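Chain by chain, the residues:
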Amino acid sequence: MRLILVIPFIFLLSSCSMEHGGKGFSILTYNLYLMFDDVDDGDEYHPFTSSNGYGPEAYKKRIGGYASLLVSDGYLSDVFVFQEVESEKVLEDLIKAGLAKYGFKYYGIINNDNPISVGFISRIMPNRIFLHESDGPRPILELEFIISGEMVSVFVLHAKSRLDDGAGQRRSQFEHLDFLLRSSSPSLSLACGDFNEDPRYGFAMADPAYVPDPALCVTGDPELASSFVYYSAALDPDMPAMDTYHFEGRWYSYDHVLVNGAAFDGSGLELLDVRVLCPGVVVDPSGIPLRYEPGSNHGFSDHLAVRAVFGYH
């Protein structure tokens, strides 16, 4: 069975759910960097078109590279959430290229007339799926899972790029996300994706102890996480560096798996580990993400992936 979800509106799965009865839960968020398919439909960015050499063979190689990476040690997770995916065809082809062998058969993408959208692939059937839209910010995808009887809400977003500022749109989206996270409490809730804001230097997403009135309150102290303050490993001094994006000689932590206080309440699923993945194949000799170049048909993304693992103490 597979789920094809192209959502221009709020879509609810039927009430029949599938519980995940494993010993834990893992999720990976990854900006795949302009992951266009091999069908020219007029929305592609230059030079991701067949006339510029981005045809079936280049696309097939790129899909194969990502599929091999995602099932490798360290990457393989129960759920993958992606940013910058053009279409459901990309998700289907990733499954066919190798993910199906590992039980992945549920997938979906937000279709909001954006050539680079947000999508997911899962080997756990979502209990329910929502698309949260508002007048201003980009939509937020919500996946609800039942893990050993416990409800887990996963919110996925791709915040506005910083290339043309976008500060107001990011703040608006973070306010929307904060509302959704608060509404999902007291269940375990995660916010995943490319936030395009580093909580160490940001204002819309920041530690309220240091920045007045952030739209999204985050902390590096698990003991301070609650239903309205979310744990960010990027702010935790006991965690290794959580840098995921390199620009003009500087590293930023833009990609996150944020969690609410239910991840540390001593009951049910608890956050065991969260880390940035940077094997040699996805970075250059200096450790900078090796962005895909259509001309050479080489590389992966300009972002690094982040993986979080939950289990029982």
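Caption draft 1: The nonpolar core, seen in detail. In terms of nonpolar packing, the biggest core is built from 74 residues, with Phe25, Ile27, Tyr30, Phe82, Val154, Leu190 and Phe310 touching the most fellow members. Here this core gets eight residues from one element, more than from any other, and that element is strand E2 (residues 25-35). What Val154 contacts, discounting residues up to four positions off in sequence, is Phe25, Ile27, Leu141, Glu142, Leu143, Phe145, Leu190 and Cys192. In terms of nonpolar packing, the next biggest core, distinct from the first, is built from 17 residues, Phe155, Ala204, Leu216 and Val218 among them.

Caption draft 2: Main features of the packing of helix H1 (residues 56-70) against helix H2 (residues 88-96). Packing of H1 against H2 leaves a shortest axis separation of 9 Å and a crossing angle of 60°. The orientation of H1 relative to H2 falls into the category oblique. In this structure, the crossing between H1 and H2 has a hand that is right-handed. For the pair H1 and H2, contact is made by Tyr59, Ile63, Tyr66 and Ala67 and by Lys89, Val90, Asp93 and Leu94, respectively. Its residues placed into classes, the contact of H1 with H2 shows six nonpolar, no polar and two charged.

Caption draft 3: Highlighting the pairing of strand E8 (residues 150-158). Across the nine residues that make up E8, a large majority, eight, are buried. When strand E7 (residues 140-147) meets E8, the two strands line up antiparallel, connected through seven bridges. Paired with Leu141 across the bridge in E8 is Val156. In this antiparallel pair of consecutive strands, E7 and E8, the connection spans two residues, and Ser148 shows a positive phi of 50°. Looking at chain direction, E8 and strand E9 (residues 188-194) are connected through seven bridges and run parallel.

Caption draft 4: Fine view of the pattern of salt bridges. Summed over the entire model, instances satisfying the criterion amount to twelve salt bridges. Measuring nitrogen to oxygen at the nearest pair gives 3.3 Å for the salt bridge that ties Arg123 to Asp78. Taken together, the residues span a long stretch of sequence, with Arg123 in the loop between strand E5 (117-122) and strand E6 (128-132) and Asp78 in the loop between H1 and strand E3 (79-85) at a distance of 45 residues. On the accessibility criterion, Arg123 (29% relative accessible area) is partly exposed. Looking at Asp78, the relative accessible area reads 8%, which means it is buried. The network of salt bridges with common partners includes Asp38, Lys89 and Asp93.

Caption draft 5: Expanded view of the state of the cysteines. Applying the stated criterion to the full structure yields zero disulfides. In this structure Cys217 is a free cysteine whose sulfur lies 19 Å from that of Cys192, the closest cysteine sulfur available. No disulfide involves Cys278; its nearest neighbouring cysteine sulfur is the one of Cys192, lying 19 Å away.

Caption draft 6: Examining the environment of Ser286 more closely. With respect to the helices and strands, the residue Ser286 is situated in the loop between strand E16 (270-277) and strand E17 (305-311). Residue Ser286 is classed as exposed on the basis of its relative accessible area, which comes to 55%.

Caption draft 7: Summary view of helix H3 (residues 167-184). With 18 residues, H3 ought to run about 26 Å at 1.5 Å a step, and its terminal C-alpha atoms sit 26 Å apart, in line with that. Those residues of H3 that sit buried are Arg170, Gln173, Phe174, His176, Leu177, Asp178, Leu180, Leu181 and Ser184.

Caption draft 8: Layout of the packing of aromatic side chains. Counted under the stated rule, the structure contains 19 aromatic pairs. Relative to Tyr45, the ring of Phe36 has its centre 5.4 Å away and its plane inclined at 65°; by these criteria the two rings are edge-to-face. Phe36 gets classed as buried once you look at its relative accessible area, which sits at 0%. Look at Phe36 and Phe48: their rings are 5.3 Å apart centre to centre, the planes differ by 40°, and that puts the pair in the tilted class. Linking Phe36 in the loop between E2 and H1 with Phe48 in the loop between E2 and H1, this pair joins segments that are twelve residues apart in sequence. As far as the burial class goes, Phe36 and Phe48 line up, both buried. One aromatic cluster is present, formed by Tyr33, Phe36, Tyr45, Phe48, Tyr54 and Tyr292 through successive ring pairs. Geometry around Tyr292 places Arg62 over its ring, the cationic atom sitting 4.1 Å from the centre. Here the basic side chain of Arg250 rests over the ring of Tyr201, its NZ or CZ set 4.5 Å away from the ring centre.

Each value, and the rule that gives it
Residues numbered from 1 in each chain as written. Predicted model: local features only at pLDDT ≥ 70, side-chain atom pairs only at ≥ 80, totals over all residues. Heavy atoms only, no water. Core = buried A, V, L, I, M, F, W, Y, C linked by side-chain atoms within 4.5 Å. Buried < 20%, exposed > 50% of the residue type's maximum accessible area, 1.4 Å probe, protein only. Helix = DSSP H or I, 4+ residues; strand = E, 2+ residues; numbered from the N terminus. Contact = heavy atoms within 4.5 Å. Axes fitted to C-alpha atoms, helices over the stretch in contact; angles between N-to-C directions. Parallel < 35°, antiparallel > 145°, perpendicular 65-115°, else oblique. Left-handed = near helix turned anticlockwise from the far one by under 90°. Nonpolar A, V, L, I, M, F, W, Y, C, P; charged D, E, K, R; others polar. Pairing = 2+ DSSP bridges. Salt bridge = Lys/Arg side-chain N within 4 Å of Asp/Glu carboxyl O. Disulfide = S-S within 2.5 Å. Expected span 1.5 Å × (residues − 1). Phe/Tyr/Trp six-rings, centres within 6.5 Å; stacked < 30°, edge-to-face > 60°. Lys NZ or Arg CZ within 6 Å of the ring centre and 35° of its normal.

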